[in-house]
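# Analysis of the macromolecular model
Residues per chain are reported as follows:
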Amino acid sequence: MRPFPRLVPPGAHPVEPSDISPPHAPQTPPFPAIGAFHAQSWTGLVFCPGPGEGFAFRFSVSLLDGSRADGEDFFWIVHEVGSHAPDGSYARVAFDLGLPLGRGRETPLVRKPGREPGLVLEWGRMGEAGAVGRVSAGFGGELELVPFFPWDWDGEWEEPSPAPGGVPSLFRGRSRPGGFGFALAWRFSPPGAGERSPILSFSPPSVSVGKAAPFSFRFPSAPGTYLSFSAALGRSPEAAEEAARRNLEGGVLPPLASARETYEARRVHVDGVWRGLAESITNNLHWMVLLKPETGEKYVPAGRRWIFPAPDGSPDHWTVFGWDSYFNALELAVESRDLAMAALRAGLATQYPSGCVPNWRGRFGGTPDRSQPPVGSFALAKLLARFGNTQEAAECLPALERWSAFWRAPKGQAARRDGNGDGLFEWGSDTGELSATPPPWEVNASGWQRAAWESGQDDLPNWEEAVWDEAAETFDLASVDLNAYLALDFESLAWVASALGDEEKAEGYRRRWGRLRDLMNETLWNEERGLYLDRKWDGSWSRRVAASNFLPLVAGVPTPEQASRLLETLLDPAWFWGDFVLPTISRNDPAFPQQQYWRGTIWPPMNYLVYQGLKRYGFDEAAGELAQKSVALFLKSWHDYQLCRENYDSRTGEGGGQRYQSWGPLFALIGLEEFLDVTPWGGLTLGSLRPPGETTLRRLRALGRSWTVALSPRGMRVDVDGRTLLSTDAPCVLREVLLGADSFSCRLHAARGLGLRVEHPPTPRRALVDGQVTAMEGRFLRVPAGRHLLRLEG
């Protein structure tokens, strides 16, 4: 058997700093871009041949009782957030027309198993500049096809030419004067009939979104109705029409079926007790990818409804949120490095000249006065560790460095967010940088409120301990979370710089991390409580303990002894542990019963970062239990209701907040990382001490290879590129897994003794456990319980 190739660490091919280009320079996204990129048009497609131009169409429905759904109405009646290939080769979404239409937030939540959708939309790209699709209707009424120019795009519509029978079966036009041509053709199939043109006339659209065409097309609908369509871009409307008709002539079902089968056969998949775990991440995130119309760049908002208003009150063209973007990048990386990096770059592209990566920013508004938790460098470090994408990392590093410098830049007598100059940091807001056109809810907001918004935990009870200092423009409270974020930022920047070959820069960030770590341990560690606590400038301790008080774990701040004491409080049911975890504020806090927003509910980013911290310190049993509880919360809501919730009640486990939140699948990502993860501090990590039962992760790509990891209470099996690498007869965690041409090494953690069979190297010559030669039986090695360093040599 051919040996497994060496897994090359990302630092092996350094990039010279002089070759780094500014990350905020306009990227050149791939064109044409085709997808459901218009936030308010989940039932439509956007065709973008280049920056600032293109066309779109969407479908709406009218029922026999006179009710109607169009645009955002469909958000509330989703039945299935289906498959969506990251390259747009296949996508499916379905809607429940048995629910009342037009009710918005008042639309009732119903369990999806046993219900049938009233409208199913499938589509897939055809070639470079086309797409085909099919609408399946299961309702009585009318289906309307509405062409429009989204955002501020403009162009020319040609009057549709009647087909035989007097009704058009195609429209076409140009994306702008002298621009690309576009065309859309269709075939209409009423129940029991072959494909034919619609039997209703075309007319002005019922509702206008964007710049609507002067016509729309209405089709009578009954259960069993189908509408096949084909759309294309071309150098001229005539060329676009030719392509659209050609793709339609062969029928849309064969290419759609082929694209679906191809995607399902290669996508990341989890079966067993965690069935659908990977799909719950990718289906949600891929359907949330939108487009910046002026550049054609892709980004992910906090959700399809999280588009803030522009100053004139209309929806802004896009809204990017501060820390959400970087968690979105980690979620998108499950199947697509390209989409992950697009999300990360979109976050950095919002940066203001001060270095501030804002709380949020749109095309026409934003928050230059305040930032959000600086987790971008952590996300980039994880992506670089997994993919080895040094050039992309080098392009992003300068913006991340400017963001890091933003917090400590000189301001008055101290640093911007070190209001009292003691070296620790506080949340704040720069009053002189306030937006001239804030949205209504930010008009006359106090400095205290803006600082709370900067924290990302808008109404966390911890901030009730703080007073806004007018001179410093910060809280008078050194917060554990911000200092932990910045420590993690320094360490992540050091790791990225080292991987790119700049050891001098890396050492500078390591020194910053070390100084902040020491200061946190001297000032924010409360030995009596065994916790890191927020601290007032007068030296008094905050009485509040939040889930974010455990963030020093992910930043590597505590000593092993301190980390063990943190774990005691975390696992104490009187404080945080329980059936539903982690509450954002301790269970014994007076605010806990409110379960309002960040006042006691369970939020994805806190669970994810605390999980990463537990794994970093080797608390694998606790990490595994947190993973199980997080997955159970998310999958119940996903399987029962097809929802991707913003947060959860920590008493009942019921979902709350937004119905589709882009960082919601972080709960599922925790579970995925129980199978396999790659981090700067643990390298390639495989396995779980708390497997949930029989479950297998298939086809996850990392370090240039395709991985399949099977977990069960009886052990673990790992396949690489379709060949078995190793198997065990008991649960374990393997860290720093390295494959050489004739060697295998890792750090193993097992709760009980186990047998390990390793298929690489092909002819093992000797095995070492903690540096001691250990007898093998062929390829089989016995390892005692505990933590051990293993090495097999061929």
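Reading guide: rules and limits
Residues numbered from 1 in each chain as written. Predicted model: local features only at pLDDT ≥ 70, side-chain atom pairs only at ≥ 80, totals over all residues. Heavy atoms only, no water. Helix = DSSP H or I, 4+ residues; strand = E, 2+ residues; numbered from the N terminus. Buried < 20%, exposed > 50% of the residue type's maximum accessible area, 1.4 Å probe, protein only. Contact = heavy atoms within 4.5 Å. Lys, Arg positive; Asp, Glu negative; His and termini not counted. Charge placed at Lys NZ, Arg CZ, Asp CG, Glu CD. Salt bridge = Lys/Arg side-chain N within 4 Å of Asp/Glu carboxyl O. Axes fitted to C-alpha atoms, helices over the stretch in contact; angles between N-to-C directions. Parallel < 35°, antiparallel > 145°, perpendicular 65-115°, else oblique. Left-handed = near helix turned anticlockwise from the far one by under 90°. Nonpolar A, V, L, I, M, F, W, Y, C, P; charged D, E, K, R; others polar. Phe/Tyr/Trp six-rings, centres within 6.5 Å; stacked < 30°, edge-to-face > 60°. Expected span 1.5 Å × (residues − 1). Core = buried A, V, L, I, M, F, W, Y, C linked by side-chain atoms within 4.5 Å. Pairing = 2+ DSSP bridges. Arc of directions from axis to C-beta. Disulfide = S-S within 2.5 Å. pLDDT = per-residue confidence, 0-100.

So, on to the overall build of the protein. Across its full length, the protein holds 14 helices and 44 strands. Considering only C-alpha atoms, the protein reaches an extent of 85 × 70 × 55 Å along its principal axes. When burial is assessed residue by residue, the protein has 63% of its 794 residues classed as buried. Long-range contacts, defined here as pairs at least 24 residues apart, represent 65% of the contacts in the protein between residues at least 6 apart. Of the charged side chains in the protein, 82 are positive and 95 negative; the average position of the first set lies 5 Å away from that of the second.

The residue leucine 531 is located in strand 28 (residues 531–532) in this model. Linking leucine 531 and proline 558, residues 27 residues apart in sequence, is a C-alpha distance of 9.9 Å. The residues touching leucine 531, leaving out its near neighbours within four places in the chain, are Leu524, Trp525, Asn526, Val545, Phe550, Leu566 and Thr569.

If the charged atoms of two oppositely charged side chains come close together, the side chains can form a pair. Overall, the coordinates contain 61 salt bridges when judged by the stated rule. With a shortest N-O distance of 2.7 Å, glutamate 144 and arginine 68 are connected by a salt bridge. Of the two residues, glutamate 144 is situated in strand 9 (residues 141–149) and arginine 68 in strand 4 (residues 68–69); the sequence distance between them amounts to 76 residues. Classification of glutamate 144 by relative accessible area gives buried; the value is 2%. The salt bridge involving arginine 260 is made with glutamate 122; its shortest N-O contact spans 3.5 Å. Taken together, the residues arginine 260 in helix 2 (residues 253–266) and glutamate 122 in strand 7 (residues 119–126) connect sequence positions 138 residues apart.

Running from N to C, helix 7 (residues 390–408) and helix 10 (residues 503–523) cross one another at 30°; their axes reach a closest spacing of 14 Å. With respect to each other, helix 7 and helix 10 are oriented roughly parallel. Note that helix 7 runs across helix 10; the crossing there is left-handed. Where helix 7 abuts helix 10, its residues Leu397, Glu401, Ser404 and Arg408 lie against Lys505, Tyr509 and Arg512. Split by residue class, the contact of helix 7 with helix 10 holds two nonpolar, one polar and four charged.

Summed over the entire model, instances satisfying the criterion amount to 56 aromatic pairs. Ring geometry for phenylalanine 75 against tyrosine 660: centres 5.4 Å apart, planes inclined by 80°, an arrangement best described as edge-to-face. Pair noted here: phenylalanine 75 is in the loop between strand 4 and strand 5 (78–84) and tyrosine 660 is in the loop between strand 31 (655–656) and helix 14 (666–675), with a separation of 585 residues, a long-range link. Classification of phenylalanine 75 by relative accessible area gives buried; the value is 5%.

The α-helix winds at 3.6 residues per turn, so residues separated by three or four positions along the chain end up facing the same way. The end-to-end C-alpha separation of helix 5 (residues 337–348) is 17 Å, in line with the 16 Å expected for twelve residues at 1.5 Å each. Burial of helix 5 is extensive: ten of the twelve residues sit out of reach of the surface. Each element contacted by the buried residues of helix 5 is listed here: helix 3 (277–287), strand 19 (298–299), strand 20 (319–321), helix 4 (324–332), helix 6 (376–387) and helix 7.

As a further point, take the nonpolar core. Grouped together as the largest cluster of nonpolar side chains are 219 residues, with contacts concentrated most on Phe57, Phe229, Leu614, Leu676 and Leu686. At twelve residues, the largest contribution of residues to this core is made by helix 9 (residues 480–499). Residues Val132, Ala185, Ala232 and Ala243 belong to the second largest nonpolar core, which totals 13 residues.

The next thing to look at is unusual backbone geometry. Of note, the bond from valine 581 into leucine 582 is cis; its omega dihedral lies within 30 degrees of zero at 0°. For the bond from histidine 760 to proline 761, the omega torsion is 5°, close enough to zero to count as cis. Looking at the element boundaries, proline 761 is found in the loop between strand 40 (754–758) and strand 41 (766–769). Positive phi values are uncommon outside glycine, yet glutamine 595 reaches one of about 45°. Topologically, glutamine 595 is positioned in the loop between helix 11 (560–570) and helix 12 (604–616). Exposure remark for glutamine 595: the relative accessible area of 11% places this residue in the buried category.

The subject of this paragraph is the sheet that holds strand 40. Pairing is antiparallel across the open sheet formed by seven strands, whose spatial order is 17-34-35-36-37-40-43. Taken across any chain shown, the strands that pair with only one partner, and hence form the sheet edges, are strand 17 (269–272) and strand 43 (780–783). For this sheet the average axis-to-axis angle between neighbouring strands, irrespective of direction, equals 20°. Pairing geometry for strand 17 and strand 34 (residues 695–702), over four bridges, is antiparallel. If you follow histidine 269 over to strand 34, its bridge partner there is arginine 698.

Another point: the packing of helix 5 against helix 6. Put simply, helix 5 and helix 6 touch, their axes get as near as 11 Å, and they point 160° apart. With respect to helix 6, the axis of helix 5 lies roughly antiparallel. You can see that helix 5 and helix 6 cross each other, and the crossing is left-handed. Across the interface between the two elements, Arg337, Ala340, Met341 and Leu344 from helix 5 touch Gly376, Ala379, Leu380, Leu383 and Phe387 from helix 6. Looking at side-chain class alone, the contact of helix 5 with helix 6 contains seven nonpolar, one polar and one charged residues.

Moving on to the sheet that holds strand 11 (residues 170–174). The eight strands lie next to each other as 5-6-7-8-16-12-11-10, forming an open sheet whose pairing is antiparallel. A single partner strand is all that each edge strand has here, and the edge strands are strand 5 and strand 10 (156–157). Lying over the sheet, helix 3 contacts strand 5, strand 6 (91–95) and strand 7, oriented at roughly 95° with respect to strand 5.

Among the nine residues that make up strand 12 (residues 181–189), eight are buried, leaving the element largely enclosed by the rest of the structure. Strand direction decides the pairing type here: strand 11 and strand 12, joined by five bridges, are antiparallel. Within strand 12, the position partnered with arginine 174 by the bridge is glycine 181. Between strand 11 and strand 12, which pair antiparallel and follow one another directly, the connecting turn spans six residues, one of which, glycine 178, has a positive phi of 80°. Where strand 12 and strand 16 (residues 225–234) come together, nine bridges link them in antiparallel fashion.

Quick look at the side chain of asparagine 526 now. Tracing the sequence through the fold places asparagine 526 in strand 27 (residues 525–526). Apart from the residues lying within four places of it in its own chain, the contact partners of asparagine 526 are Leu531, Leu533 and Trp541.

The first and last C-alpha atoms of helix 2 sit 20 Å apart over 14 residues, in line with the 20 Å expected at 1.5 Å per residue. Of the positions making up helix 2, those classed as buried are Leu256, Ala259 and Tyr263. An end-on view of helix 2 places all buried positions within 65° of arc, on one side of the element. Facing away from the buried side of helix 2 by over 90 degrees, the exposed positions are Pro254, Glu261 and Ala265. Among the structural elements, strand 5, strand 7, strand 8 (130–137) and helix 3 are those in contact with the buried residues of helix 2.

Evaluated as defined, the whole model comprises zero disulfides. Free of any disulfide, cysteine 732 has its nearest cysteine sulfur in cysteine 746, 7.8 Å distant.

For the rest of this paragraph, the subject is the confidence of the model for the protein. Of all residues in the protein, 93% attain a pLDDT of 70 or more, and the chain-wide mean is 93. Of the regions scoring below 50 in pLDDT, residues 1–27 engages in 56 contacts with residues more than four places distant in sequence or in other chains. Here residues 194–201 is a poorly scored stretch, pLDDT under 50, and it has 27 contacts once near neighbours within four places are set aside; other chains count.

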